[in-house]
Structures are given as C-alpha cells and as structure tokens.
Amino acid sequence: MLEFLAGKYLPGIKTPKIPGLFERMSASEKFVFIGAGAWLVFVLAINFISCFTPPMGVDTQIYHLPLPKTYVQAGGFTGVPHLMESNYPQNMEMLFEAALLLGSDQAVQIFSYLVSILSLAIIFSLARRLHSPAAGIIGGFIYINLLDVSFQSPTALVDLCAAHFSVLSIYLIWRYM
C-alpha cells in the first residue's frame, strides 16, 4: 500500500517493503492464526452478550453482590451477621462495589468480563514475546476456552479476578527480571 501511494504521489521515490506478519508465517500458521483468532472473537462476543443477563450464580446472589450492595446502602462497612462470608476478606467485592456505584449488577458483570479481557491480553503478550504472534493467539485461545474462564467471564465471581492478578504478577516478574 505504501509503495502504491508513494508511486502515485511521489513518482521518483521507492519505499522499502517491510515484511508483514503473514509474510513470515507458513500456510499452517496462517490457518491456525486466523481460525483461532476468529473463534476467540466469537467466544468473546458471546461472553459480552452474556454480561447483560441477570446474575444467576448461587455465590453471586448470596454474598458477592449483596455484601457490596449492603455497604453502598449503609454508606460504609457494616456488619452482616447472617452472612458468614462477610467476615472473609472482600478485596474483589470492593471493586464490585465501585462498579455498583456506577450502575447495576450488569456493570459488575461487565467489570468481570473486562478483567478476563485484560488477562487474555497479558497471556497473548507473554506468549507473543516468548515465541511468536501465533503462539499468542493459541495461548489466548486456550485460556478463553477453559470452562471456568468461559463460564465466569460474564459473572460477578472473584475467581477470574484472582487469576488475573496471578497472571499479571507472572508477566511483571518475567518482564522486569
């Protein structure tokens, strides 16, 4: 494209041809890259649509959302004697509380979805830097197709958020060693 534009507007100047991503890949790598990338986009689209459904998980309805809602209504931390889980550390629930202040339960689910996207981006970046762009797509493909990740991505559960911080710490340790 650059050669065409340079030839059209600047007839005497030749631009160097920069090898692109697909020119360096074999035919099988191209197939895997495009196929896994398309499936990745499809799964992410399905999970995004699922963010707009009402929260249905048992843990979500018992304490992951009611505790932050109680704190929002009380204007701060308050004891919830009928929930044993209120005595546990509520780290991710505090981030859920910030999302609840912005909107509804679906805002919390979208927050959880965005955390899974960030984890996917970190896994892609790590695999791409260690091996190749095709390895990044394969790593993302494997991650998003794990049953727990695919199920919990559009729900208000804390497991993916904890996994995100684990993946982030591995990436940062590798990056800054």
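Owing to the predicted nature of the structure, the values given are computational and were not obtained by experimental measurement.

Colleague: Before we move on, can you summarise the overall build of the protein with the specific residues and values?
Modeller: In terms of regular secondary structure, the protein is built from nine helices and zero strands. For the protein, the N- to C-terminal ordering of α and β elements is α-α-α-α-α-α-α-α-α. In the protein, which comprises 177 residues, the share counted as buried stands at 36%. Of all intrachain contacts in the protein linking residues separated by at least 6 positions in sequence, the fraction that spans at least 24 positions is 65%. Just so you have it, the protein exposes about 11,000 Å², and 70% of that area is on carbon and sulfur atoms.

Colleague: Explain the packing of aromatic side chains residue by residue, including any values.
Modeller: One pass over the full model with this rule turns up six aromatic pairs. Look at Phe48 and Tyr113: their rings are 5.5 Å apart centre to centre, the planes differ by 55°, and that puts the pair in the tilted class. Highlighted residues: Phe48 in helix H2 (residues 27-50) and Tyr113 in helix H6 (residues 105-130), separated in sequence by 65 residues. Here Phe48 falls in the partly exposed class, since its relative accessible area comes to 36%. Residues Phe96 and Phe111 carry aromatic rings whose centres are separated by 6.2 Å and whose planes lie at 85° to one another, so their mutual orientation is edge-to-face. You can see Phe96 sitting in helix H5 (residues 91-102) and its partner Phe111 sitting in helix H6, a full 15 residues away along the chain. A relative accessible area of 0% places Phe96 in the buried class. Among the aromatic residues, those joined into a cluster by ring pairs are Phe48, Phe52 and Tyr113. Across the ring face of Tyr176, the terminal group of Arg175 is positioned such that the distance to the ring centre comes to 6.0 Å.

Colleague: Now, about the environment of Phe77: what can you tell me, with residues and values included?
Modeller: Among the structural elements, Phe77 can be located in the loop between helix H4 (66-74) and H5. For the pair Phe77 and Leu67, spaced 10 residues apart in the sequence, the C-alpha separation amounts to 9.4 Å.

Colleague: For the nonpolar core, give the residues involved together with the corresponding values.
Modeller: Leu40, Val43, Leu44, Cys51, Tyr113, Leu120, Ile123, Tyr143, Ile144, Val149 and Leu160 together form the largest nonpolar core, which totals 11 residues. Contributing elements (two or more residues each) for this core: H2, H6 and helix H7 (133-144). Excluding residues within four positions of it along the chain, Ile144 makes contact with Leu40, Val43, Leu44, Asn47, Val149 and Ser150. Counting residues in each nonpolar core, the second largest holds 10 residues, with Phe96, Ala99, Val115 and Val158 among its members.

Colleague: How would you summarise the pattern of salt bridges if you had to cite specific residues and measurements?
Modeller: Pairing between side chains of opposite charge can happen when the charged atoms of each approach one another. For the structure shown, the criterion picks out one salt bridge. Close ionic contact of Lys69 with Asp105 constitutes a salt bridge, the shortest N to O distance being 3.0 Å. Here Asp105 lies in helix H6 and Lys69 lies in helix H4, a separation of 36 residues in the sequence. According to the relative accessible area criterion, Lys69 is partly exposed, its value standing at 32%.

Colleague: Requested: an account of the side chain of Thr60, with residues and values cited.
Modeller: Its location among the elements puts Thr60 in helix H3 (residues 58-64). For Thr60, a relative accessible area of 2% translates into the label buried. Discounting residues that sit within four places of it in the chain, Thr60 has contacts with Pro55, Leu65, Pro66, Ala156 and Leu157.

Colleague: So what's going on with a nonpolar patch on the surface? Which residues, and what values?
Modeller: A contiguous nonpolar patch, built from Trp39, Phe42 and Ile46 and spanning about 290 Å² of accessible area, is present on the exposed surface. Among the secondary structure elements, Trp39 is positioned in helix H2.

Conventions adopted
- Residues numbered from 1 in each chain as written.
- Predicted model: local features only at pLDDT ≥ 70, side-chain atom pairs only at ≥ 80, totals over all residues.
- Heavy atoms only, no water.
- Helix = DSSP H or I, 4+ residues; strand = E, 2+ residues; numbered from the N terminus.
- Buried < 20%, exposed > 50% of the residue type's maximum accessible area, 1.4 Å probe, protein only.
- Contact = heavy atoms within 4.5 Å.
- Areas by Shrake-Rupley, 256 points an atom, 1.4 Å probe, with all protein chains shown as cover.
- Phe/Tyr/Trp six-rings, centres within 6.5 Å; stacked < 30°, edge-to-face > 60°.
- Lys NZ or Arg CZ within 6 Å of the ring centre and 35° of its normal.
- Core = buried A, V, L, I, M, F, W, Y, C linked by side-chain atoms within 4.5 Å.
- Salt bridge = Lys/Arg side-chain N within 4 Å of Asp/Glu carboxyl O.
- Patch = residues over 30% accessible without salt bridge, like charges linked within 9 Å, V, L, I, M, F, W, Y side chains within 5 Å.

Honestly, that's just the spatial picture; any functional story needs more than this.
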